[in-house]
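Coordinate analysis (summary)
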Amino acid sequence: MDAAGRDAPVSPQERSSHTAFIDNNTLYVWGGYRVVDGADVMLPSDEIWLCDLNSGMWERREIAGSDVPRDLSGFCGAHVNSTLYIFAGCDTVGYTNDMFSVVLTEPHYSWNKVTDAKGETPSPRNKHSCWVHRDRLIYFGGYGCKTIGQVRNTSSSSFVMDEMSLTTIGDTMFRFWGWNNEVNVFDTRTATWTVPETQGSAPTPRDCHSTALLGNKGYVSGGAETPEMDMFCLDLESWTWTKFDIPLSCSPMGRSMHAMAAISDHAVLVYGGLGTDGNTLNDAWLFNTLKREWTNMNHAHEGKPRVCHTANLGNDGDVVVFGGSSNLCIVADTMVVLRAPSQHHCSNMIVFQMQPYSLSRLCEDFVGKNPQLFVRQLNWLPPKLKTKVDKRVAFFSSLTPCLTD
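Residues numbered from 1 in each chain as written. Predicted model: local features only at pLDDT ≥ 70, side-chain atom pairs only at ≥ 80, totals over all residues. Heavy atoms only, no water.

The next thing to look at is the pattern of salt bridges. If you walk through the whole model with that rule in mind, you get 11 salt bridges. A salt bridge links Glu182 to Lys146, with the shortest nitrogen-to-oxygen separation between them at 2.7 Å. Of this pair, Glu182 sits in strand β17 (residues 172-187) while Lys146 sits in strand β14 (residues 136-146), and the two are 36 residues apart along the sequence. On the basis of relative accessible area, Glu182 is assigned to the buried category, the value being 17%. Residue Asp230 pairs with Arg206 through a salt bridge whose shortest N-O separation is 3.0 Å. Of this pair, Asp230 sits in the loop between β21 (217-221) and β22 (231-235) while Arg206 sits in the loop between β19 (199-200) and β20 (210-214), and the two are 24 residues apart along the sequence. One exposure class covers both Asp230 and Arg206, and it is buried. Linked by salt bridges that have partners in common, Glu47, Arg60 and Glu62 make up one network. (Salt bridge = Lys/Arg side-chain N within 4 Å of Asp/Glu carboxyl O. Helix = DSSP H or I, 4+ residues; strand = E, 2+ residues; numbered from the N terminus. Buried < 20%, exposed > 50% of the residue type's maximum accessible area, 1.4 Å probe, protein only.)

What follows is the structure, given as structure tokens:
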């Protein structure tokens, strides 16, 4: 993929496979790719976009530095203590296991390549995931390459070889490619890599899965190498895996490249993804970790399928979905399955309201010249409270009639 040019747009370009997070009611978006002249093109790594979720206004900020990350795909971004970390990924040259960071509280952003880390850095990979827990970045899974020595020291249950992608020089094979289910921990306070010894029923090796953090537990679901929508939990204190045994008839369709966000201490929201039927999905599901059950969620965004998007929990329990593709095209022949460049990348936000808004929030939406959103929220209210809100509507309308025009 080539690097995309830019001419100072007022909002971010459409993109997929980016990283995004919310801090202080500001949505940060970095990286990803889009389509230019029919080819996938990586977006610039020396910029980051900020959206004030109160006003909806976007701002582009430059990121300087001599050590700028390569134009990557399949990288993993994580935010901890006002710092964005980017780890691994691949480009036209190959796969990498480099890590970069940028402090977002500085007046001028600047990249820093992490070169003094202690411990053994994980092997190069992409399409992995990360939990942020107690100042640690806990990476799981992905697809990448290993040397012969690394494969010999790796359990056969934690690395599945991709026989279609073996690298050789002459008759000698010197690189193995495949999927893993490894857990690697980077302590941001000490810049140290460690590999915890896990136990229990671990997920099979995979990539393109989704993860979420609830308390001290990390959850993993789906992926490109899984035919079903499974769910696993890793206790990040005891390092014990638990598999939730859920009948297929009670589970969503298997999928990859979906988004998952924690919405409470015991529930996650899953939206979209590429289904095992080859279609880009537009369904939303809730998983209750206490009841261990899936619930299909009715929502207002059924006409907006998404894949390779992000989902983050914001204020008032809202889940903010950004970017992605509305129609991922898969091309198959007798030998291989390929992803064709998609012309349907998105740059808009989708908001899932997961709980009733407070009365003050409703009034803010009304005064903030969003009466249509205000009226929709009334459906959440009990009759007595709705009557009180109706009276406030009449009061605000009498003061500011232009708001209801």
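There is more to say, and it comes next.
Attention now moves to the side chain of Arg15. By secondary structure assignment, the location of Arg15 is in the loop between β1 (2-3) and β2 (19-23). Buried Arg15, no salt bridge; nearest opposite-charge side chain is Glu47, N-O distance 4.4 Å. Among the polar contacts made by the side chain of Arg15, one reaches the main-chain carbonyl oxygen of Gly31 at a distance of 2.9 Å. The residues contacting Arg15, other than those within four sequence positions of it, are Val29, Trp30, Gly31, Tyr33, Leu43, Glu47, Trp49, Phe322, Gly323, Gly324, His345 and Cys346. (Lys, Arg positive; Asp, Glu negative; His and termini not counted. Polar contact = N/O pair within 3.5 Å; in protein donor to acceptor, adjacent residues only side chain to side chain. Contact = heavy atoms within 4.5 Å.)

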